[in-house]
Amino acid sequence: TDFGLFVGLDGDIDGLVHHSDISWTEPGETAVKNYKKGETVQARILAIDVEKERISLGIKQLSGGESGGAIDSLQKGAVVTCVVTGIQESGIDVKINDTISAFIKKSDLSRDRQEQRPDRFAVGDRVDAKVTNVDKNAHKVIVSIKALEADEQKRAIEEYGSTDSGASLGDTLGAAL
């Protein structure tokens, strides 16, 4: 169906593989077209709802995902080097450790709003970013260049002192005139 695959189980029981549980790499609407009625598939039981008589199944959960389990080694707050794999109007696609796909949205490309332009990157560029979230169940990693820049500035202030010299902007501009 448009929303997934019905799978016949032993004992005349049907289970549903929702299209979002078919593939880690393909959109569900595309992945569902790779299956034909009567085909044998392996799936993992994700949930059983006795009251509604429903069994939720997953095919993609049988594999480690596109990252091959590498996502398990990532921790929130880690700094990673990413390779740009695609440029979109809304941000950039990146690969972490050549295995984990991630997306850095436009607002996370820089602290400076003028630098939040995806077109300043090119496919193949290497960029450092901070891991801001790891969802191991969904196999999603969120990374941010902006968060890394904020951390670097905070560390610099702690190490070298405040950027505030004690003079106000008005004092500085008045002295310049």
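Coordinates for the structure precede this section.
Presented here is an overview of the structure given in this document.

The rules behind these values
- Residues numbered from 1 in each chain as written.
- Predicted model: local features only at pLDDT ≥ 70, side-chain atom pairs only at ≥ 80, totals over all residues.
- Heavy atoms only, no water.
- Helix = DSSP H or I, 4+ residues; strand = E, 2+ residues; numbered from the N terminus.
- Buried < 20%, exposed > 50% of the residue type's maximum accessible area, 1.4 Å probe, protein only.
- Pairing = 2+ DSSP bridges.
- Axes fitted to C-alpha atoms, helices over the stretch in contact; angles between N-to-C directions.
- Patch = residues over 30% accessible without salt bridge, like charges linked within 9 Å, V, L, I, M, F, W, Y side chains within 5 Å.
- Areas by Shrake-Rupley, 256 points an atom, 1.4 Å probe, with all protein chains shown as cover.
- Salt bridge = Lys/Arg side-chain N within 4 Å of Asp/Glu carboxyl O.
- Lys, Arg positive; Asp, Glu negative; His and termini not counted.
- Charge placed at Lys NZ, Arg CZ, Asp CG, Glu CD.
- Contact = heavy atoms within 4.5 Å.
- Polar contact = N/O pair within 3.5 Å; in protein donor to acceptor, adjacent residues only side chain to side chain.
- Core = buried A, V, L, I, M, F, W, Y, C linked by side-chain atoms within 4.5 Å.

## A word on the overall build of the protein
Across its full length, the protein carries 3 helices and 9 strands. Starting at the N terminus and walking to the C terminus, you meet the elements of the protein as β-β-α-β-β-β-β-β-β-β-α-α. Relative to its 177 residues, the protein shows a buried fraction of 29%.

## Considerations on the sheet that holds strand S2 (residues 13-18)
The strand order across the open sheet formed by 4 strands is S1-S2-S4-S3, and the pairing between neighbours is mixed. Of all the strands in the sheet, just strand S1 (4-9) and strand S3 (44-49) have a single pairing partner and so form its edges. Geometrically, the sheet is characterised by an average inter-axis angle of 30 degrees between neighbouring strands, direction not taken into account. Note that S2 and strand S4 (residues 54-58) share 2 bridges and pair parallel. Directly across from Val-17, in S4, lies its bridge partner Leu-57.

## Some remarks on a positive patch on the surface
Residues Lys-105, Arg-111, Arg-113 and Lys-146 make up a contiguous surface patch of positive charge. Looking at the element boundaries, Lys-146 is found in helix H2 (residues 145-160).

## Points about the environment of Ala-147
Relative to the assigned elements, Ala-147 resides in helix H2. Spatially, the C-alpha atom of Ala-147 lies 6.2 Å from that of Lys-130, the residues being 17 residues apart in sequence. Those residues in contact with Ala-147, other than ones at most four positions away along the chain, are Lys-130 and Thr-132.

## Considerations on the side chain of Gln-116
Position of Gln-116 among the secondary structure elements: in the loop between strand S7 (100-105) and strand S8 (126-135). Classification of Gln-116 by relative accessible area gives buried; the value is 9%. Within polar-contact distance, the side chain of Gln-116 engages the backbone oxygen of Ser-107 at 3.2 Å. Ignoring anything within four residues of it in the chain, the contact list for Gln-116 reads Lys-106, Ser-107, Leu-109, Ser-110, Arg-111 and Lys-146.

## Here's the deal with unusual backbone geometry
The phi dihedral of Asp-12 falls on the positive side, at around 55 degrees, and the residue is not glycine. Mapped onto the elements, Asp-12 comes out in the loop between S1 and S2.

## Some details on the nonpolar core
Generally speaking, a soluble globular protein has its nonpolar side chains buried in company with each other. Residues Cys-82, Val-94, Ile-96, Ile-104, Val-141 and Val-143 are the most contacted members of the largest nonpolar core, which totals 20 residues. Of all the secondary-structure elements, those providing two or more residues to this core are strand S5 (79-88), strand S6 (91-96), S7, S8 and strand S9 (140-144). Excluding residues within four positions of it along the chain, Val-94 makes contact with Cys-82, Val-83, Val-84, Thr-85, Ile-100, Ser-101, Ala-102, Ile-104 and Val-143.

## Here's the deal with the pairing of S1
In the case of a regular strand, side chains alternate between the two sheet surfaces. Pairing analysis gives 6 bridges linking S1 to S2, with the strands arranged antiparallel. Looking at S2, one finds that Phe-6 is bridged to Leu-16. Between S1 and S2, which pair antiparallel and follow one another directly, the connecting turn spans 3 residues, one of which, Gly-11, has a positive phi of 80 degrees.

## Topic: the pairing of S7
Because side chains alternate across S7, one face comprises the buried residues Ile-100, Ala-102 and Ile-104, and the other comprises Ser-101, Phe-103 and Lys-105, none of which is buried. Following S6, the chain reverses through 3 residues before pairing antiparallel with S7; Asn-97 in that reversal takes a positive phi of roughly 55 degrees.

## A closer look at a nonpolar patch on the surface
Taken together, Ile-45, Ile-48 and Val-50 make up a surface patch of nonpolar side chains, about 330 Å² in accessible area. Summarising the element assignment, Ile-45 is placed in strand S3.

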